[in-house]
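Take a look at the letters that make up each chain.
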Amino acid sequence: SAPLAPFLDPTHATAPDGERLHDGGDTVYLCAADEHGNLVSLIQSVAYGFGSGVVAEGTGMLLQNRGCYFKLDHAHVNRLEPKKRTMHTLIPAMAARDGRPWAIFGSMGGDGQPQLQAQVLINLVDHGMEPAAAVAHPRVRVQAGGETISVEADYPSAAELNRSGLKIELMPPKHHTLGHAHVILVDGPSSWRAGADPRSDGSVERSP
């Protein structure tokens, strides 16, 4: 077939609902469960805009470059070593109760993922929130470098934090930089509760 690139106009690309597509974006999180007890908690990311820039021959599959987080410099804290778990941002999660899977959850968000996931888990465990409420609840995030704290304006203590003398960046409610978290709680072999983050275009679906 003829190459399609000459016929594509990126200035007119639109989403299905007619809105302009968002710039950027390279990570997705999804979770799934079935009646056989199988659970999936998965993060897919290419890291940079086009990942490694390498396509596996004959497949059309773009190879990611998340390996850029690992270092070969022996003086670097994140150097590759045998039996070492190097720091990484792809951390799909699963939680258990009484030795059985209870929740699968995760979020995009780069280095902020541990913070975002901890807040979602606290909402579920300590506050007993339903999954949809747990992922929608206002969040905070310490930015890379540790100097700035991003706070959604509807966070319960946002006003106090803004007066604290800390370097606070107030964000609009449900801002996409505070992660796109999703959750499934396992109530039984064929019984689940789920929530999709309103900060993203994700949704909860159940197959017939």
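Keep in mind the model is a prediction, meaning the values are calculated, not measured.

Trainee: Quick rundown of the sheet that holds strand 6 (residues 100–108)? Include the residues and the values.
Mentor: On the basis of which strands lie adjacent, the open sheet formed by four strands has the order 5-6-10-11 and antiparallel pairing. On the outer flanks of this sheet lie strand 5 (93–97) and strand 11 (191–196), each paired with one strand and no other. On average, each strand axis in the sheet is tilted by 15° relative to the strand beside it, whichever way the strands run. Here five bridges tie strand 5 to strand 6, and the two strands are oriented antiparallel to one another. Looking across to strand 6, one finds that Ala96 is bridged to Pro101. Its contacts with the sheet put helix 1 (residues 113–125) on strand 5, strand 6 and strand 10 (180–188), and the angle it makes with strand 6 is roughly 140°.

Trainee: Which residues make up the pattern of salt bridges, and what values go with them?
Mentor: For the structure on display, the rule yields eight salt bridges. In this structure, Glu81 and Lys84 form a salt bridge, with 3.6 Å as the shortest nitrogen-oxygen distance. The class for Glu81 is partly exposed, based on a relative accessible area of 37%. Using a relative accessible area of 28% as the deciding quantity, one classes Lys84 as partly exposed. Across the salt bridge formed by Glu152 and Arg199, the nearest N and O atoms sit 2.8 Å from each other. Residue Glu152 is located in strand 8 (residues 149–152), and its partner Arg199 is located in the segment after strand 11; the two are separated by 47 residues in the primary sequence. Like Arg199, Glu152 is buried.

Trainee: Describe helix 1, naming the residues involved and giving the relevant values.
Mentor: For helix 1, built from 13 residues, the straight-helix expectation of 18 Å at 1.5 Å per residue is met to within 8% by its first-to-last C-alpha distance of 18 Å. When helix 1 is considered as a whole, its buried residues turn out to be Gln113, Leu116, Gln117, Gln119, Val120, Asn123 and Leu124. Projected onto a plane normal to the axis of helix 1, the buried residues spread over an arc of 155° and lie on a single side. Where helix 1 is buried, its residues touch strand 2 (39–45), strand 5, strand 6, helix 2 (131–136), strand 7 (140–142) and strand 10.

Trainee: How would you summarise the nonpolar core if you had to cite specific residues and measurements?
Mentor: By size, the foremost hydrophobic cluster in this structure holds 13 residues, and its most contacted members are Trp102, Ala103, Phe105, Val120, Leu124, Val183 and Leu185. Of all the elements in the fold, those that place two or more residues in this core are strand 5, strand 6, helix 1, helix 2 and strand 10. If sequence neighbours within four positions are ignored, Val183 has contacts with Cys31, Ile104, Phe105, Val120, Leu124, Pro131, Val135, Arg193, Ala194 and Gly195. In this structure, Tyr29, Leu39, Ile43 and Ile184 belong to the second largest nonpolar core, which totals seven residues.

Trainee: Please give an account of the confidence of the model for the protein chain that cites residues and values.
Mentor: Residues at a pLDDT of 70 or more form 88% of the protein chain, whose mean pLDDT is 86. Element-level pLDDT for the protein chain is lowest in strand 4 (residues 61–62), with a mean of 82, against a maximum mean of 97 in helix 2. Low confidence marks residues 17–22, where pLDDT is under 50. Its contacts with residues over four positions away, or in another chain, come to seven contacts.

Trainee: Just give me the short version of the sheet that holds strand 7, but keep the residues and values in it.
Mentor: Reading across from one edge, 7-8-9 is the order of the three strands in this open sheet, with mixed pairing throughout. Of all strands in the sheet, those with a lone pairing partner are strand 7 and strand 9 (168–171), marking the two edges. Taking the axes of each pair of neighbouring strands and ignoring which way they run, one obtains an average angle of 20° across the sheet. As paired elements, strand 8 and strand 9 share four bridges and run parallel to each other. When the bridges of strand 9 are listed, Ile149 appears paired with Ile168.

Cut-offs used in this document
By convention here, each chain's residues receive numbers from 1 onward along its written sequence. Local features in this predicted model are restricted to residues whose pLDDT is 70 or higher, and side-chain atom pairs enter the listing and the counts only when it is 80 or higher, whereas totals over whole chains, interfaces and linings include all residues. As a convention, hydrogens and water are excluded, and side-chain values are obtained from all of the structure's heavy atoms. Paired strands are those between which DSSP finds at least two bridges. Secondary structure elements follow DSSP: runs of H or I of four or more residues count as helices, runs of E of two or more count as strands, with numbering from the N terminus. Interaxial angle, 0 to 180 degrees, is taken between N-to-C directions of lines fitted to C-alpha atoms, where a helix line uses only the stretch in contact. In this description, contact between two residues means that some pair of their heavy atoms is separated by no more than 4.5 Å. Note on definitions: salt bridges are taken to be side-chain nitrogens of Lys or Arg within 4 Å of carboxyl oxygens of Asp or Glu. The cut-offs for exposure are 20% and 50% of the maximum accessible area for each residue type, with area from a 1.4 Å probe on protein chains only; residues under the lower value are buried, those over the upper are exposed, and the others partly exposed. Any helix carries an expected span of 1.5 Å times its number of residues minus one. Read the arc as the range of directions from the helix axis to the C-beta atoms. Working definition of a nonpolar core: buried Ala, Val, Leu, Ile, Met, Phe, Trp, Tyr and Cys residues. They are joined through side-chain atoms within 4.5 Å. Predictor confidence is given residue by residue as pLDDT, running from a minimum of 0 to a maximum of 100.

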